[in-house]
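Spelled out from the first residue to the last, the chains are:
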Amino acid sequence: MQDGRAPRIKNRAPAAVQITAEQLLREAQERQETAFRAPKQRVEDFEELHEYRGRKRKEFEERIRRTRGSIKEWLQYANWEASQNEFARSRSVFERALDVDARSVQLWLSYTEMELKSRNVQHARNLFDRAVTLLPRVDQLWYKYVFLEELLQNVPGARQVFERWMQWEPDDKAWQAYIKLEERYAEMDRASAIYERWIAVRPEPRVWVKWGKFEEERGRLDKAREVFQTALEFFGDDEEQVEKAQAVFGAFAKMETRLKEYDRARVIYKFALARIPRSKSASLYASYTKFEKQHGTRNTLENTVLGKRRIQYEEEVSNDGRNYDVWFDYSRLEESALHDLKEEGGATPEEEEAAVARVREIFERAVAQDYARARQIFQTAINLVPHKQFTFAKLWVMFAKFEVRRLDLPAARKILGAGLGMCPKEALFKGYIELEIELREFDRARTLYEKYLEYDAANSPAWIKFAELESQLQDFDRTRAIFELGIAQGQLSMPELLWKAYIDFEIEEGERETARSLYDRLVALSGHVKVWISYALFEGEPIPLPRAEREDEDDEDEDAEVKTVPGDPILARAVFERGYKDLKSKGLKSERVALLSVWKTFEQSNGTEADVKKVEGMMPISTKRRHVDPETGETVEDWDIVFADDEREANPTSFKFLQMAHAWKTSQAAKNLGIGGAPSILSGFTAASTNQSRDDDASSEVASSQGDDDDK
């Protein structure tokens, strides 16, 4: 021990008597000194009791006189008086304490607790009423007050307390407590009304979500959808508001998923994700990915994963815009998406254009973060192209769209105007007009259409698009004037399209007389078999009511179907006869066959058996004709179409003989087959078809060539 080291133990044998830990603890407990306890004072009579109370009151009064602001001393004094059943004195002490500090929550709670312990319920109610009037922002007092009223089964009183509380617009827990009170007593309509008031006070996404879930749990699915739809209308389409309402979108979609309305849920997810920046919609995209994994197809799941990867790339790019490895990976992702879209097929032109725009956007963002530099590149490219020899309309349009994205609309218009001035081109006109229509600048679009038609007056689609624009703007007089100017042009690329658009417009407007006059002008100009057929079918088919009568009925009943005016089969039959005579006068046999085929079908649907037999009697037969070839001098046989009326007029004698010969041949064939009955005249002839004619391809030319020949 002298050098600080532990002593050596020489005897390592166990002791004879072993001591346990329990014995050590017991000995330590026994050796402890007893704590001092104050002696108990017993009161034998009232005199001693009064003396004791007086002494204690004197002590309390001395203490509160020294420390008047100490609420603890007041509470001890008041509680001691209550323990002596001196409730009047206790109330007096509490009131004196309230004069010192009336905003002490602990003091009010102790005061009400004393009254409740002594079963003075009305006193407690009065105290709670005073407390919440003085301290309306202390939620604990309101909760105690409501609990007291509900404990006494005074539900109307509790509801009245809540109504007073709600006027102060408390926090969400208070509203939730009020709703739970109504739910406990199965007052669901009252709870729903409270939710509506809560939304009016605090229209936050979590409140909308709670209301929607409440309506769903009580089985009011239509009401739940209405709540969510109202929430979406409230937040609107603004990017910041939609981002704030992500919880509403997610809850709405999950509700539709629980109801197995997967299409609705998918639409909700896509609507939200289309309006929220990719970098800020990670949680919503995770929910959408999980939804597609459970209920989507392969394509939808791939699109979802593609969107998730886009979000990841957006985050990386936002952190480091100079990391070109990420930009290249991002561009490859969009290019592969575009390639897959083209390979799968079935995509609309708008979808393909959007995919191409995404690829272009990535490259522009990667290399054109310096927008001045990008503008300089566009300008240099335009200066390099020799616009007098050729030009690229896409270059002008892309440059203009770049300026539109930079919110510089005058510059975009200046670029397109310069392009039209230097090298007018159809694609340039279309791109400029499309831009102005998207901007709802219809007067500018009209001016551009006028310049477009001055540049190329023979462009029928341009006339049609111009007229459609005026029709959409409800300016029908201008529409008709444009159509009239178009068909009055001497040379048109495809005049049949313009005539058809004009006639369809008048039919849609319910103007049968105007459409009939147009058909008359067209058949006088062209006389093509397709025009006659369309004219005849137009007379036999119903068309909508005139727009004036239609608008009057729409005012009365907007949901009713559009009424139509029935066609006139007699007029249609007359048009067929006019067409047949016109084609007969021109010697067009295959066209007459086509007209008779359509006429026969029409009579089968709208005519009688006599009408059908009349048309069948006009059908031609195929026969062999022998003639001498003027070049070789040999007799050759050719198939020819023979019409009964032609033969009757040209060779009445031979036609009668030919008719009888065919009848005899048919009767002989019937006898050989064992078929009885007299055959009809000409029934054994094979009807000619347009496919057997050598002139069919030549006669199928559209009305333009025929009309041009007539003009010449």
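What counts, and at which threshold
- Throughout this document, residue positions are counted from 1 along each chain, in the order its sequence is written.
- Thresholds applied to this predicted model are a pLDDT of at least 70 for local features of residues and 80 or more for the giving and counting of side-chain atom pairs; totals over whole chains, interfaces and linings are not thresholded and use all residues.
- Side-chain calculation: all heavy atoms of the structure are included, whereas hydrogens and water are not.
- To qualify as a helix, a DSSP run of H or I must reach at least 4 residues; to qualify as a strand, a run of E must reach at least 2; elements of each kind are numbered from the N terminus.
- Here, residues are in contact when the closest pair of their heavy atoms is within 4.5 Å.
- Residues belong to one nonpolar core when they are buried, are Ala, Val, Leu, Ile, Met, Phe, Trp, Tyr or Cys, and are joined through side-chain atoms within 4.5 Å.
- Burial classes: relative accessible area under 20% of the type maximum marks a residue as buried, over 50% as exposed, and values in between as partly exposed (1.4 Å probe, protein chains only).
- By definition here, a salt bridge exists when the distance from a side-chain nitrogen of Lys or Arg to a carboxyl oxygen of Asp or Glu is within 4 Å.

Position of E352 among the secondary structure elements: in helix α19 (residues 349-367). Residues E352 and H339 lie 13 residues apart in sequence; the distance between their C-alpha atoms is 9.8 Å. In contact with E352, not counting residues within four places along its chain, are L338, L341 and A347.

With that settled, the discussion passes to the side chain of R57. Positionally, R57 belongs in helix α2 (residues 46-66). If sequence neighbours within four positions are ignored, R57 has contacts with Y77, W80, E81, E86 and R89.

On to the nonpolar core. Across soluble globular proteins, nonpolar side chains have a tendency to be buried as a group. By size, the foremost hydrophobic cluster in this structure holds 75 residues, and its most contacted members are F162, W208 and V248. It is helix α3 (residues 71-83) that provides the largest number of residues to this core, a total of 7 residues. Ignoring any residue separated from it by four or fewer positions in sequence, one finds V248 in contact with P205, W208, V209, F228, A231, L232 and F235. Core analysis: the next-biggest nonpolar cluster, separate from the first, contains 72 residues, L420, L435, L453 and L596 among them.

Right, let's get into the pattern of salt bridges. When charged atoms on two side chains of opposite charge get close, those side chains can pair. One pass over the full model with this rule turns up 38 salt bridges. Ionic pairing is found between R225 and E256, a salt bridge with its closest N-O pair at 2.8 Å. Of the two residues, R225 sits in helix α12 (residues 221-235) while E256 sits in helix α14 (residues 246-258), which places them 31 residues apart along the sequence. Pair check on accessibility: R225 and E256 agree, each one buried. Between R516 and E513 there is a salt bridge whose closest N-O contact spans 2.8 Å. Of this pair, R516 and E513 both sit in helix α28 (residues 512-525), 3 residues apart, which is roughly one turn of the helix. Salt bridges sharing common partners tie together D443, R446, E470, D475 and R478.

Right, let's talk about unusual backbone geometry for a bit. Positive phi, normally seen in glycine, also occurs at N85, with a value near 60°. Structurally, N85 is set in the loop between α3 and α4 (87-100). A relative accessible area of 58% places N85 in the exposed class. In the Ramachandran plot, E169 falls in the positive-phi region, its phi being about 50° despite a non-glycine side chain.

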